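One-letter residues, chain by chain:
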Amino acid sequence: TLMPAGSPFTALCQALARGPAADRADLHLHSTASDGTYTPTQLVELGRRCLLRAIALTDHDTLAGLEEARAAAQGSSLEVIAGVEITTRHAGHEIHLLGYFVDPSHPGLSGALEGIRLARRGRFLEMVERLRGLGVSIEVTDADLVPSSLGRRTLAELLVRQGKASSIREAFQRWLHDRGRASVPKESLPTPEAIAHVRAAGGVASWAHPPYDQCVEHLAELAVAGLGAVEVIFPNAKPSLARQMRERATALGLAISGGSDCHGPGGSGVGSHTVSSDELERLRCSVPSSTKSSKA
């Protein structure tokens with residue numbers, strides 16, 4: 001019997017078919033704490049079944065799922081790395097920054113993430129009001145405002161559920177595209193500021209799924225700002241460009257990160273894109289030296 005292409009069981013079988021992966025780590029995963037559909041516990045279970053050495057939970061602008069994930073991993077050999085994906089801006093571009101090995105209780109990082117989430121909430125509500133001004137009235141409950149990744153897609157999904165649009169694509173075309181009548185520009189931290197927060201919290205900052213042209217243009221200056229790594233292994237990364245990015249990272253003394261960017265069934269599965277144990281340890285060694293002694 002054929003299994004659905006996007007099912008967890010199918011993803012597991014594909015991972016097992018690649019052979020033992022105990023020396024591999026998936027360092028880019030999203031859970032229900034942000035915009036993923038797997039719970040932190042389910043991600044841990046999938047990581048264990050795929051025989052991974054480690055996973056990093058990197059929800060958008062929150063570390064809320066970390067405690068559950070670590071509790072689920074207790075008694076197993078799977079390491080759960082404290083991670084986060086932060087939306088930032090640099091030179092007119094949106095840059096997603098991954099923070100690894102961070103202290104989830106660090107007040108500076110926690111405060112910055114809370115500020116981002118509040119800004120997202122405010123933007124979301126402003127777009128709702130703009131829609132109402134256009135005669136498109138929708139109901140918003142407290143539950144709709146919980147996700148840390150509130151944005152235009154979240155609002156488009158709400159419009160579809162309430163019958164105001166036939167599809168997410170229609171919602172964007174009519175109201176939510178970049179210059180749409182209900183669209184509100186996104187606020188985000190300057191990338192160097194976000195890097196500083198990650199480093200202050202004892203972590204390593206990595207540039208997530210960088211477009212190659214931007215990587216060539218800005219990687220060196222972000223390395224000067226404290227960037228410690230660049231994501232080279234990710235879905236849809238062209239092998240030839242990945243090799244060039246790897247070479248550029250090595251020349252700048254940056255570590256390598258990588259992962260599936262799994263958001264749930266239907267996309268890249270847990271363990272489909274991984275780094276080696278050596279690459280993981282190189283990333284771990286990139287933790288700022290001033291914080292290593294406190295973690296020892």
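So, here is what we can say about the structure in this document. Predicted model, so just to flag it, every value in this text is computed and none were measured. (Residues numbered from 1 in each chain as written. Predicted model: local features only at pLDDT ≥ 70, side-chain atom pairs only at ≥ 80, totals over all residues. Heavy atoms only, no water.)

1. Thoughts on the overall build of the chain
For step 1, the next point in the chain: A count of helical and extended segments in the chain gives 11 helices and nine strands.
For step 2, the next point in the chain: In the chain, which comprises 296 residues, the proportion classed as buried is 48%.
For step 3, the next point in the chain: Intrachain contacts of the chain at a sequence separation of at least 6 include 71% that bridge at least 24 residues.
For step 4, the next point in the chain: Looking at the chain as shown, the accessible area adds up to about 13800 Å², and 52% of this sits on carbon and sulfur atoms. (Helix = DSSP H or I, 4+ residues; strand = E, 2+ residues; numbered from the N terminus. Buried < 20%, exposed > 50% of the residue type's maximum accessible area, 1.4 Å probe, protein only. Contact = heavy atoms within 4.5 Å. Areas by Shrake-Rupley, 256 points an atom, 1.4 Å probe, with all protein chains shown as cover.)

2. Some thoughts on the side chain of S277
For step 1, the next point in the chain: Here S277 shows up in helix 10 (residues 277-284).
For step 2, the next point in the chain: With relative accessibility at 16%, the residue S277 sits in the buried group.
For step 3, the next point in the chain: Once residues within four sequence positions are removed from consideration, S277 is found in contact with D23, R24 and R53.

3. A few points about helix 9 (residues 239-251)
For step 1, the next point in the chain: The end-to-end C-alpha separation of helix 9 is 18 Å, in line with the 18 Å expected for 13 residues at 1.5 Å each.
For step 2, the next point in the chain: Three or more residues of helix 9 are buried, namely A242, M245 and A249. With its buried residues spanning 65° around the axis, helix 9 presents them on a single face. Counted as exposed and oriented over 90 degrees from the buried face of helix 9: R243, E247, T250 and A251.
For step 3, the next point in the chain: Lining the buried residues of helix 9 we find helix 8 (212-224), strand 7 (229-233) and strand 8 (255-258). (Expected span 1.5 Å × (residues − 1). Arc of directions from axis to C-beta.)

4. Concerning the environment of G108
For step 1, the next point in the chain: With respect to the element layout, G108 can be found in helix 4 (residues 107-133).
For step 2, the next point in the chain: Looking at G108, the relative accessible area reads 26%, which means it is partly exposed.
For step 3, the next point in the chain: For the pair G108 and A196, spaced 88 residues apart in the sequence, the C-alpha separation amounts to 9.6 Å.

5. So, the pattern of salt bridges
For step 1, the next point in the chain: In this structure the tally under the stated criterion is 15 salt bridges.
For step 2, the next point in the chain: Counted as one network, the salt bridges with shared partners bring together R53, E79, E281 and R284. (Salt bridge = Lys/Arg side-chain N within 4 Å of Asp/Glu carboxyl O.)

6. Side note on the nonpolar core
Considering soluble globular proteins, one finds that nonpolar side chains tend to be buried as a cluster.
For step 1, the next point in the chain: The biggest cluster of nonpolar side chains holds 46 residues, and the ones touching the most others in it are I86, W207, L227 and V230.
For step 2, the next point in the chain: If near-sequence neighbours (up to four positions away) are discounted, L227 is found in contact with L97, I195, A205, S206, W207, L219, L222 and L254.
For step 3, the next point in the chain: Counting 18 residues, the second largest nonpolar core, distinct from the first, contains F124, M127, V128 and L158. (Core = buried A, V, L, I, M, F, W, Y, C linked by side-chain atoms within 4.5 Å.)

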